[in-house]
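Coordinate inspection notes
Okay, here's what each chain looks like letter by letter:
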Amino acid sequence: MTAAIAGKSRCRVGIDVGGTFTDFVLTDTASGALTYFKEPSVPADPSLAVERGMQGLLKRAGLEPADVELVVHGTTLGVNAIIQRRGARIALVTSRGNRDVLEIARCRMPSSYDLHAQKEEPLVPRDLVFEVAARGRPDGSATIEPSDAALAELARHIAATKVSAVAVMLLNSYANPALEHRVAQGLRAHLPGILVSCSADVWPEIREYERALVATLNAYIHPLLERYYTTLRERMDRIGVQAPLYITASNGGSLSLDSARARPIETVMSGPASGVVAAARTAALARSPRIITFDMGGTSSDIAVSEGGEPEYTTRTMIGDFPLVLPVVNVSSIGAGGGSLVWVDAHGVLKVGPDSAGADPGPICYRRGGTQPTVTDCYVAAGVIDPGAFLGGRMTLDKAAAVAALDAVAERIGLAGADRAAQAAEAALNVATAKMATELFKGLAQRGLDPRGFALVPFGGAGPTHSNLLAEEARLNTIVVPPAPGTFCAMGAILADIKRDYVRTVRRRLDGTVARALDALFDTMITDARAWLDREGKIVGATAVVRDADMRYVGQAYELQVSLPDRKGGTDAAELAELFHQAHERVYGFRDAESPVEITTVRLRIVGKVPPVAAPAARPGAGAPVPYARRRVFQRGQWIEASVHRRGDLHPGQEFTGPALIEQEDTTTWMLAGWRARVDGGGNLHITRA
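Residues numbered from 1 in each chain as written. Predicted model: local features only at pLDDT ≥ 70, side-chain atom pairs only at ≥ 80, totals over all residues. Heavy atoms only, no water.

Quick word on a nonpolar patch on the surface
- Taken together, the side chains of Val 587, Tyr 588 and Phe 590 make up a nonpolar region of the molecular surface, amounting to roughly 300 Å² of accessible area.
- In this fold, Tyr 588 is placed in helix α16 (residues 573-588). (Patch = residues over 30% accessible without salt bridge, like charges linked within 9 Å, V, L, I, M, F, W, Y side chains within 5 Å. Areas by Shrake-Rupley, 256 points an atom, 1.4 Å probe, with all protein chains shown as cover. Salt bridge = Lys/Arg side-chain N within 4 Å of Asp/Glu carboxyl O. Helix = DSSP H or I, 4+ residues; strand = E, 2+ residues; numbered from the N terminus.)

Notes on the packing of aromatic side chains
- As enumerated under the stated definition, the model contains 8 aromatic pairs in all.
- Taken together, a centroid distance of 5.3 Å and an interplanar angle of 45° make the contact between Phe 459 and Phe 488 tilted. Placement of the pair is Phe 459 in strand β23 (residues 455-459) and Phe 488 in helix α14 (residues 488-495), with a sequence separation of 29 residues. The two residues Phe 459 and Phe 488 agree in class, both being buried.
- Here the aromatic rings of Phe 634 and Trp 639 are separated by 5.2 Å at their centres, their planes lie at 75°, and the arrangement is edge-to-face.
- Taken together, the ring pairs connect Phe 21, Tyr 366 and Phe 390 into an aromatic cluster.
- The ring of Phe 522 carries Arg 547 above its face, with NZ or CZ at 5.3 Å from the centroid.
- Directly above the ring of Tyr 313 sits Arg 605, whose terminal nitrogen or CZ lies 4.0 Å from the centroid. (Phe/Tyr/Trp six-rings, centres within 6.5 Å; stacked < 30°, edge-to-face > 60°. Buried < 20%, exposed > 50% of the residue type's maximum accessible area, 1.4 Å probe, protein only. Lys NZ or Arg CZ within 6 Å of the ring centre and 35° of its normal.)

Notes on the sheet that holds strand β10 (residues 195-198)
- Pairing within the open sheet is parallel, and its 4 strands lie in the order β6-β5-β9-β10. Pairing within the sheet leaves two strands with one partner each, and these edge strands are β6 (129-132) and β10. Neighbour-to-neighbour, the strand axes of the sheet open up by a mean angle of 25°, direction not taken into account.
- Across the face of the sheet, helix α5 (residues 178-190) comes into contact with β5 (90-95), β9 (165-169) and β10 while running at roughly 175° to β10.
- Here helix α7 (residues 208-238) sits on the sheet and contacts β5, β9 and β10; the angle it forms with β9, its principal contact strand, is near 165°. (Pairing = 2+ DSSP bridges. Axes fitted to C-alpha atoms, helices over the stretch in contact; angles between N-to-C directions. Contact = heavy atoms within 4.5 Å.)

Considerations on α5
- Taking 1.5 Å as the rise per residue, α5 with 13 residues should run 18 Å; its terminal C-alpha atoms sit 19 Å apart, in good agreement.
- All buried positions along α5 are accounted for by Leu 179, Glu 180, Val 183, Ala 184, Gly 186 and Leu 187. Down the axis of α5, the sector holding all buried residues measures 160°, keeping them to one side. Exposed residues on α5 whose side chains face more than 90 degrees from its buried face are Gln 185 and Ala 189. (Expected span 1.5 Å × (residues − 1). Arc of directions from axis to C-beta.)

Some details on the environment of Ser 197
- Tracing the chain through its elements places Ser 197 in strand β10.
- For Ser 197, a relative accessible area of 5% translates into the label buried.
- As for Ser 197 and Ser 164, which are separated by 33 residues in sequence, their C-alpha atoms are 11 Å apart.
- When neighbours within four sequence positions are excluded, Ser 197 is seen to be in contact with Val 166, Ala 167, Val 168, Val 202, Ala 215, Asn 218 and Ala 219.
- Among the polar contacts made by the side chain of Ser 197, one reaches the side chain of Asn 218 at a distance of 3.3 Å. (Polar contact = N/O pair within 3.5 Å; in protein donor to acceptor, adjacent residues only side chain to side chain.)

Examining the packing of helix α9 (residues 270-285) against α14
- With their axes 7 Å apart at the nearest point, α9 and α14 run at an angle of 75° to one another. One element, α9, and the other, α14, form an angle in the roughly perpendicular class. Counting all contacts with α9, which are made through Gly 271, Ser 274, Gly 275, Val 277, Ala 278, Ala 279, Arg 281 and Thr 282, the residues of α14 involved are Phe 488, Cys 489, Met 491, Gly 492, Ala 493 and Leu 495.
- Of the residues belonging to the contact of α9 with α14, the class tally is 8 nonpolar, 5 polar and 1 charged. (Parallel < 35°, antiparallel > 145°, perpendicular 65-115°, else oblique. Nonpolar A, V, L, I, M, F, W, Y, C, P; charged D, E, K, R; others polar.)

See the structure below:
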């Protein structure tokens, strides 16, 4: 099974660095046995939590550092740096007359009806944007080129600004990167030790603002992630883990450490993407081909859609204030996380989020100095989470402090009685759930999807805890809880294949010659992609390519991405047009067969398969499981008795009804009254309306 990797080692490790906890999953490549571990994150130095957690994980598994054959790591460090504006001080070099490309952006206000809305601040201030006499035409030829002396003078001005990196974006460089490369080489010659990032190397797609933004984002997070990856590799070496280190990517795949260092922008959405990959694989094995993933972590809740075992992708997403046009797993934020703050506004209205307590200080019940109640405090006060069983008993929560904080909230919103703290907790959970359901419906409508027939797959530390509340509010009928949902993103890291996306702008109207032109272009892209994959390490097995095209009716401003047939040649213009008409009709409800169609962009994804992970054998059970305890839980305005089960005591074939709590080290699953659970052969918990 692991023939692609030298046979001395025995295990692979997946790591996901979150805002509150750093999660670990270890799989034994011989037996398929899984070991899970959670370590509190260290925001000041995330690699420290990785080092500590790796040691704890190996100790729990009874293995040595030399037994590790592969480490796959995901982190939110890059995306957090962008959102919180904590990246490097960088400069942007652009064509003369184009200095305000980031200021102008797409000429859109954040809110069309708010006269006081503030436009986002550009990532690069205008005094750090430099013009150069270099510009290309749409056909790739140059209209003007800079002299060597001009580049030396430009480098001198940039050096005086003390920037750490420089992004270069010239007009029409997507058509021919030669001029942009010449400018970058001239700058590198005079700016030793400073990264120079070319837009055409990072993402050569039409539209200068988006291309400039990709290049600047890449430069913005590059120094930060370069330092982190260097420290991470040093910490792994220090504890004796010499295995290759891979980084999860935003497209649901993974990259070698060298590839991630070269283009860190490809990894910014990697954490959420890994969880969706694991959910898609799990759902396919559980015979639930159409799923909505529900990832509820410490700061937010995200959803994604997967059909047929393949996640949905998008080339239009937002990172903070900025649009990102790189292909990513289509993850949408729908609401609060476990650390989201519960508060009352000036009008006495109960609110949840968007601010979060994060890992430090965290929820009040963590006893780390938190002063405002959170969603997690609501779970504790309502009896859903056992304060003595959190993280398998490694961390004891302070229920009294959570109740006291929510009692103050109850007073502000006019609740009375001995149970008013529990009432406030349930009210806050209802507020969070209502917002999630609203955003869920909106997200599915934007995809042109009907939620009926989809199963909800929750993961993250709070996903299973909140999933039944969301399913009931959104009128979903099935929930599939994987065996270790609290460390699911780390599991997805282990399962991720090696992937990279390539793009070329075409801008051609469909005609009889387009198929031959596309074949030639795809051949060039495949050659580049295979050369990259050959450098990614011995873990790569079988390879596959996926071809797509962005198409639109002539005159439209934006495109739809259409999957192309997996064959070379023989695809005529009429077939391509029909594929686009079908996509347009699915999304917008109509087609215009009389309008000409054009292809603007072609896309290629190369996938290098990694050796599969064996699923551990599960021992079947007989009859209904016997709960190890019963606990009072506040539901629908009253305290009720719920059975409490240990997840490890549940076996395939067993069934039981709610209200019930299923506890495990990484999370607690809350099943409401009126719902029924069944354990399948893979250990997944299927929760359906009774």
